[in-house]
Structure formats: C-alpha cells, structure tokens
Amino acid sequence: MPPHYPPLHLRPNSERTVRNGHPWVFSGAVERPPQDADTGDIVDVFDAHERFVCRGFYNRRSLIRVRSLTQDPNRPIDASFFTERIAQAIALRRRAGLAAHTNAMRLIHGESDGLPGLIADDYAGYLVVQFHTAGMEKQRPAILNALQSLLAPRSMYERSDVGTRRAEGLNDRPTGLLAGEAPPEFVEIEEYGTRLYADLYRGQKTGFFLDQRTNRFYLQQLARDQRVLNLFSYSSGFSAHALKGGASRTLDVDISPQVVPAARRTLDANRPQGSHSDLLIADVFPFVDELADRGPRYDIVVCDPPSLMRKRSQYKQAMGVYTKLNRNAFRLIADGGLLVTASCSARISQEDFFQIVRRAAAGARVRTRILAYNLHPADHPIDPAFPDGRYLKCIFARVHRPS
Ligand code: SAH
C-alpha cells in the first residue's frame, strides 16, 4: 500500500512547473485545500484529473501553499526520508573536494538540496542551522537526529532569526545552543590559506558569507601591491584574501558597527608587515558618490552589496541603483585596475548584471574587459528547476581609461 496523506487538488493546468521539478505550489493554483491538514503537515497534491503530482509541506497561510518534497507516490515522508536527503547533500559537498581548501561550508541549501526551508552551515565542526518554514520546523527532531548521527558535530547552534519565518506563520525567532559545547565567540575558519572569523552568535545570516569563497580566492591571486577598496565589507573576507595575496593597502566600508569585532580580528590575522588596513563604518552609497568625484584612487574596488531588489516591482529601480553604484566604483579605479562586483539578487538575471556592468562602464567613461564571471560554488548548488535558488553573480572586470 502506498502511503497516503491528506489530498490537495489543483486547478486545471496548474501542475506543470511542479511536474518539471519546481518545488513550490502557489495559492492561486489550489482548487480544493486538504480537509484535515494543518500548516506544517504533509499533504498529497493531485491534478484536476486526480493524478498524483507531488507530496510536500502544506501551509494554509503562506502564498507558497505547498513545498514539494517528492514526486514519488511510494515514498513516505519519515525520519529515514530526511536522513537520506541530508546524507545526499553532505555527499555532494564531499565529492566536490571542498574540504581540501576550507573547513567551512554550507552543507544544506534548502530547496536546492531538496530540503525546503532548511539551512545548515559547518564552521570547523560547529554547525549552524536555520529552520525557515513551518513544515521543516515540524520535522525538527528528525533533522537534528540525522545531523547528529551523520556528522557528529562539535555543536549545533540555531540561528532561525530570519524574517521569512513570519510569512510562514512562525512568529518566534529561535536562536541558541541545541546540542554539544557552546561555540567560541568567534569561530576561526580557513579558506584557501586565509584565516577568517565567523560570528555565530551575532553575525548576519549564520555568521559568515560562505558563498563568496571562490571570488575572494581569485582576488587573492590578483592583489599583489594593489590598493583595495572593499565596499559592503562585512567581516572583511575580501580584504583578508587581498592582504594574504600581498595587497599594499585595504579600506573596508560597511554600515553596520556590529561587523567591527570579527572584521578587525580577520584583518589582523592576515595583514603582512608593511601593509595597511582601515575599516570605516559608513553608508556606501553617499560615500562613493562623494569619493568618485575626486577621481580614481584605487587599483581594485570590490562591490558586494546586500540584495538591492526583493520584490518584482522594484526591478527598474534596482537596475538603476546597481548601475549607479557600479559607475561610481568604476570611477574610483585607476587605469589597469580591477572591479570585482557582485549581485545576490535572484531577480537580477545574469543578463541583467552584464547590462549593469556595461552601462556603468559607459557612464564612467572607461573601457572594460571581463576576466571572470563566476556563479555558485559547489556548496550552494543549483537545481535547474528552481531558478529562485540561482542568485549569486560575480564579475571581475579590468578597467582601461582612454588616454
Ligand atoms: N563581502 C562580504 C559580504 C557582504 S554582505 C563578505 O565577503 O563576507 C553585505 C554587507 O553590506 C553587510 O555586512 C551589510 O551590513 C552591509 N550593508 C548594507 N547596506 C549598506 C550600506 N548602505 N552601506 C554600507 N554597507 C551596507
């Protein structure tokens, strides 16, 4: 007997994207909600012809009504299901060979690993977990058991203080130690020979931005004797790599005073003798506006803003903000220098980002050649059926000033 869960029925012709592998069923696609399922429960989704579509987490309030877990009607959603998915996610990272370069990586990346609403990051054996959705929240015991038995981490620390929980009807924002020893105030991690510090207790997200690892390393290889301006610097990871690679001077700019302790530690750990590094707490937008008027003064500018576009309606405005920001960055770069620019807005496409760089260069009256265009690292894998998970873009662009 195949397992059964409360049935949810879709409107005619509403099943295609889910059949193609997209994990979300939106409220507009639902013809009949399940009779006896509550938010967070597992439901079976059927099309208008009573054919099975998928099985997943139900949420009666969220715009995303169902988050699909499987399209296999014979697969029950039990503890072994989650253990298997988590083991697959861990195996994907192991086979990617990341451990040769770092002891910090994302082990579970939500929907992209078939585990909607679950994030787990490993910082030198200290695991940080986030439960984003009501469905995943209900599976908490199974998830924690699986992580414990598969990884035997030094500790598991929760950082579910994420805004998305509210849309799921989860109002509390739990944080705290779940198992094992309390992590140190700053966890030292290593990335391509660079020592970095993650602030698991107070840092943004789970304490560190793992997704820029390969871009930081590429900067390390290009930074010898260069003057570097690092915009939106957070814990100074880009500057740490630049200093490791022989940069003569770095200036980090971030708006949040909370970044200072981890940033200072990181800069001190990587600064070679004779180099300088400064950290400025300021709003980047007016800062670069004013600085750019004074002409080029850096060899490398790194620009890694937070997502500047959260809603579809902000598209035009966001394109304008990115373009102006990058134009100012270009204006600050000396002839032969380098712009390292990123966007983490999923709604700004790869094509959009090239447009931004093209317009910004034109506006700054520089010629540019793109040396590298990097997408996601292996610990933030992409499910091609889930475009929302494809968010990171980073361009390395050489700058030529016409004489
Ligand atoms: N490059 C970093 C990650 C940057 S995350 C790394 O490699 O780790 C984005 C950062 O931008 C956050 O630290 C946030 O505090 C900062 N930020 C957001 N708005 C800002 C603004 N207007 N001016 C300066 N910094 C800002």
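Summarised in this report is the structure supplied together with it. (Residues numbered from 1 in each chain as written. Predicted model: local features only at pLDDT ≥ 70, side-chain atom pairs only at ≥ 80, totals over all residues. Heavy atoms only, no water.)

**Points about the overall build of the protein chain**
Let me state the cut-off plainly: To qualify as a helix, a DSSP run of H or I must reach at least 4 residues; to qualify as a strand, a run of E must reach at least 2; elements of each kind are numbered from the N terminus. It only takes one pair of heavy atoms within 4.5 Å for two residues to be counted as in contact. The method behind every accessible area is Shrake-Rupley, applied with a 1.4 Å probe, and residues are considered shielded solely by the protein chains displayed. Positive charge is attributed to Lys and Arg, negative charge to Asp and Glu, and no charge count is given to His or to the chain ends. Each charge is placed at NZ for Lys, CZ for Arg, CG for Asp and CD for Glu.
Scanning the protein chain for helices and strands turns up 11 helices and 20 strands. The principal-axis extents of the C-alpha atoms in the protein chain amount to approximately 75 × 45 × 35 Å. Taking the contacts inside the protein chain whose residues are at least 6 apart along the sequence as the reference set, 63% of them involve residues at least 24 apart. Roughly 17700 Å² of accessible area belongs to the protein chain as shown, and the carbon and sulfur atoms make up 49% of that amount. Where the 54 positive side-chain charges of the protein chain centre and where its 44 negative ones centre are 6 Å apart.

**Considering the site of the ligand**
Under the convention used in this document: If even one non-hydrogen atom of a residue comes within 4 Å of a molecule or strand, that residue is called near it. Whenever two N or O atoms come within 3.5 Å, that pair is a polar contact, provided that in protein one can donate a hydrogen and the other can accept it, and provided that, for residues adjacent in sequence, both atoms are side-chain atoms. Residues are grouped as follows: nonpolar covers Ala, Val, Leu, Ile, Met, Phe, Trp, Tyr, Cys and Pro; charged covers Asp, Glu, Lys and Arg; every other residue, Gly included, is treated as polar.
Around the ligand there are 16 residues in total, and Arg216, Asp254, Asp283, Val284 and Asp304 lie nearest to it. Contact between the ligand and Val284: a nitrogen atom at 2.9 Å from a main-chain N or O atom of the residue. Relative to its free-state accessible area of 590 Å², the ligand is covered by the protein chains to the extent of 91%. By residue class, the composition of the shell around the ligand is 9 nonpolar, 3 polar and 4 charged.

**Let's talk about the sheet that holds strand S17 (residues 298–303)**
Let me state the cut-off plainly: For two strands to count as paired, DSSP must find a minimum of two bridges between them. Every axis in this analysis is a line fitted to C-alpha atoms, fitted for helices over the stretch in contact. Angles between the N-to-C directions lie between 0 and 180 degrees.
With mixed pairing, 7 strands are arranged side by side in an open sheet as S16-S15-S14-S17-S18-S20-S19. Bordering the open sheet on either side are strand S16 (276–281) and strand S19 (367–374), each of which pairs with just one other strand. Across the sheet, the axes of successive neighbouring strands diverge by a mean angle of 15°, strand direction being ignored. Across 6 bridges, the pairing between strand S18 (residues 333–343) and strand S20 (residues 393–400) is antiparallel. Bridge assignment links Leu338 to a residue of S20, and that residue is Arg398. Against the sheet, helix H9 (residues 284–292) contacts strand S14 (227–231), strand S15 (249–254), S16 and S17, and its axis sits at roughly 145° relative to S14. Taken strand by strand, helix H10 (residues 315–331) contacts S17, S18, S19 and S20, and its axis lies near 150° from that of S18.

**Overview of the packing of H10 against helix H11 (residues 350–364)**
Definition in use: Put simply, angles under 35 degrees are roughly parallel, angles over 145 are roughly antiparallel, angles from 65 to 115 are roughly perpendicular, and the rest are oblique. Left-handed is the label given to a crossing in which the near helix is rotated counterclockwise from the far helix by less than a right angle, and right-handed is the label when the rotation is clockwise.
Two elements in contact, H10 and H11, have axes whose closest approach is 8 Å; the angle formed by their N-to-C orientations is 45°. What the angle tells us is that H10 and H11 run oblique. Between H10 and H11 the crossing geometry is right-handed. Only Asp352, Gln355, Ile356, Val357, Arg359, Ala360, Ala361, Gly363 and Ala364 of H11 make contact with H10, whose side of the interface consists of Tyr315, Met319, Tyr322, Thr323, Asn326, Arg327, Phe330 and Arg331. Among the residues making up the contact of H10 with H11, the classes are represented as 9 nonpolar, 4 polar and 4 charged.

**Some thoughts on the sheet that holds strand S9 (residues 126–131)**
Pairing in this open sheet of 5 strands is mixed, and the strands run S7-S8-S9-S10-S11 from one edge to the other. One side of each edge strand has no neighbouring strand; the edge strands of this open sheet are strand S7 (104–109) and strand S11 (175–180). Averaged over all pairs of adjacent strands, the angle between strand axes in this sheet comes to 20°, irrespective of strand direction. Across the sheet, helix H4 (residues 140–151) touches S7, strand S8 (118–123), S9, strand S10 (155–159) and S11, and the angle it forms with S9 is around 160°.

**Some details on the nonpolar core**
Nonpolar side chains in soluble globular proteins generally cluster together in the buried interior. Just so we agree on the cut-off: We define the nonpolar core as a collection of buried residues of types Ala, Val, Leu, Ile, Met, Phe, Trp, Tyr and Cys that are connected through side-chain atoms lying within 4.5 Å of one another. For the exposure calls, accessible area comes from a 1.4 Å probe over protein chains only, and a residue counts as buried if that area is under 20% of its type's maximum, exposed if over 50%, partly exposed in between.
Ranked by size, the top nonpolar core spans 35 residues in total, and within it Leu229, Leu231, Val253, Val301, Phe330 and Ile348 carry the most contacts. Among the elements of the structure, S14, S15, H9, S17, H10, S18, H11 and S20 are those that each provide at least two residues to this core. Those residues in contact with Val301 that lie beyond four places of it in its chain are Leu229, Leu231, Ala329, Leu332, Ile333, Leu338, Leu339 and Val340. Counting residues in each nonpolar core, the second largest holds 25 residues, with Ile77, Ala120, Val129 and Ala146 among its members.

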